[in-house]
Structures are given as structure tokens and as C-alpha cells.
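# Residue-level structural notes
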Amino acid sequence: MATLRQFLVDERKSGKQIFPPAKLWFHALDSTPFDAVRVVILGQDPYHGPGQAHGLCFSVPEGIKPPPSLINIFKELQTDLGIAPAQNGCLENWAKQGVLLLNSVLTVQANQAGSHQGRGWERFTDRIIQLINDREQPAVFILWGSYAQKKAAFVNTSRHLVLKSVHPSPLAAHRGFFGSKPFSQANAFLRQHGMQAINWQV
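Residues numbered from 1 in each chain as written. Predicted model: local features only at pLDDT ≥ 70, side-chain atom pairs only at ≥ 80, totals over all residues. Heavy atoms only, no water.

## Structural notes on the packing of helix α3 (residues 68–81) against helix α7 (residues 182–192)
Put simply, α3 and α7 touch, their axes get as near as 8 Å, and they point 60 degrees apart. Considered as vectors, α3 and α7 are oriented oblique to each other. Residues I73, E76, L77, D80 and L81 of α3 pack against P182, F183, S184 and N187 of α7. (Axes fitted to C-alpha atoms, helices over the stretch in contact; angles between N-to-C directions. Helix = DSSP H or I, 4+ residues; strand = E, 2+ residues; numbered from the N terminus. Parallel < 35°, antiparallel > 145°, perpendicular 65-115°, else oblique. Contact = heavy atoms within 4.5 Å.)

## Points about the packing of aromatic side chains
Under the criterion given, the structure shown has 10 aromatic pairs. Between F26 and F124, the ring centres sit 5.9 Å apart and the planes meet at 80 degrees, which makes this aromatic pair edge-to-face. A residue pair is termed long-range when its members are at least 10 positions apart, and F26 in the loop between β1 (18–19) and α2 (27–31) and F124 in helix α5 (residues 121–134) qualify at 98 residues. Taken together, the aromatic side chains of F58, W94, W144, F177, F178, F183 and W200 make up a single cluster linked through ring pairs. (Phe/Tyr/Trp six-rings, centres within 6.5 Å; stacked < 30°, edge-to-face > 60°.)

## Considerations on the pairing of strand β6 (residues 161–165)
Where strand β5 (residues 140–144) and β6 come together, five bridges link them in parallel fashion. Across the sheet, the residue bridging to L143 is K164, located in β6. One crossover worth recording links β5 to the parallel β6 by way of helix α6 (residues 146–151), and it is right-handed. (Pairing = 2+ DSSP bridges. Right-handed = clockwise from strand over helix to strand, strands pointing away.)

## Focus on the environment of Q78
Here Q78 shows up in helix α3. In this structure, the C-alpha to C-alpha distance between Q78 and K181, residues 103 residues apart in sequence, is 9.9 Å. Not counting residues within four places of it along the chain, the set of residues in contact with Q78 comprises I83, A84 and P85.

## Points about α5
The terminal C-alpha atoms of α5, which comprises 14 residues, lie 20 Å apart, in line with the 20 Å expected from a rise of 1.5 Å per residue. Residues of α5 that are buried: W121, E122, T125, I128, I129, I132 and N133. Buried residues of α5, seen end-on, are gathered within an arc of 135 degrees and therefore sit on one face of the element. For α5, the elements touching its buried residues are α1 (2–13), α2, β2 (39–43), β3 (99–103), β5 and α6. (Expected span 1.5 Å × (residues − 1). Buried < 20%, exposed > 50% of the residue type's maximum accessible area, 1.4 Å probe, protein only. Arc of directions from axis to C-beta.)

## Remarks on the environment of L8
Within the secondary structure, L8 is located in helix α1. When near neighbours in sequence (up to four residues on either side) are disregarded, L8 contacts I18, W25, T107, H116 and W121.

## Considerations on the sheet that holds β2
With parallel pairing, four strands are arranged side by side in an open sheet as β3-β2-β5-β6. This sheet does not close on itself; its edge strands, each paired only once, are β3 and β6. Across the sheet, the mean angle from the axis of one strand to that of its neighbour is 20 degrees, orientation sign disregarded. The pairing of β2 with β5 spans three bridges and is classified as parallel. Paired with V40 across the strands is F141, a residue of β5.

## Some remarks on the layout of surface pockets
Looking at the largest pocket, its volume works out to about 430 Å³. Forming the walls of the largest pocket are 28 residues, and the residues nearest its centre are Q44, D45, F58, N103 and H167. Elements supplying a minimum of two residues to the lining of the largest pocket: β2 and α6. The element best represented in the lining of the largest pocket is α6, accounting for three residues. When grouped by side-chain class, the residues that make up the lining of the largest pocket number 16 nonpolar, 11 polar and one charged. (1 Å grid on protein atoms, 1.4 Å probe; cavity = no way out; pocket = protein on both sides within 12 Å on 5 of 7 lines; lining within 4 Å. Points joined across faces, edges and corners; volume = space filled by probe spheres on them. Nonpolar A, V, L, I, M, F, W, Y, C, P; charged D, E, K, R; others polar.)

Below is the structure:
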């Protein structure tokens, strides 16, 4: 973490713009405390366009147009649970209910997708997943795409529910994301284990 911190300090000193703003690097963890986690959705790295990233994977702040992957998530939500697509792409309501919206890498250089991979964030987020996996309390892991599935390959499926599909990106969604019904499956599992279902309305 010290090496990672120095890298980020040096990047900022050199004038590079980093997303999200530093105060939001740990927004996913601040929004969903460890003991409150009931569902984990894994992303790869933050959006790299201006104003998009705010520390929750797949989410954008209010007033920012939802990106294509998020639009497809909303389409599946409508098919699965009948919830009409939101005009707003902010998923804070999910996070507050125990949905950990965790990117594998928590920062990115502006307009440079994947630019902070391999700098240390992955070890940090691997440990978070490991700690959730080791808890007695069951959780739902929603893994969209091969990257997320590899990252959480060690999750104990006898205790936790692991839902896998292709990524919701427009390039892949028609190959198995649409129709995968992750939201209803997650809620059924939570109810089955005596936990409150998630209200997926944005």
C-alpha cells in the first residue's frame, strides 16, 4: 500500500488527472461497511471519462449519462424484476443496502483505461473478497465477465451464491447477460438465508 500510495502521489505531482477524486477512492467501502455486505458486484477499473467515476463500480454520479454497460444492466433489471430503466445512473441506493460495488482497481488515469492495473490495488481488493468469503454469513457474488470470475474463483460456493454471466457491455451482453436474472436469484438466496431482499430500484 505504501508503494501504491507513492505511485499515486507521483502521478498527481506530474500533473496527471486521476479518477475518481481522491476523497472517493474508497467510496465503495465507506458506503457498504464490511458487516453489512450481502451482495458483491465486481468491476474491473473505474470509468476514465470526466465526471463519471465516483468509487462505485458500474455507477455514475447523478446528472451523468449512464454508460452503455449500465444501460444494459437496467434492461436486465426490467426483464428480471419489472423495474423500469432509470434515467439516473447513480447506484448509491444499492450500496446503502449492502451491495458492495467493488472495482478490482480503484483508480485510473483520465482517458487511459486500465492505466493503474498492476500497481497494487488488486492485492488490496483480493483481500477484501477473501475476508467476505471467510465470514460465516453467506453473501451473493455477482460476477460479470471473465475478469471478475477469475478474481473471485476461490469463493466458497457451498456457503455463498456465485452468479456468473458474460459482461453487460454491448459487445457481450447478447451472449448470455440478458436473461441471466441475477437480481431475482440474489434476492431469493437472501430470503432463503433469513436476510432482507435488496430493493434494486435506483
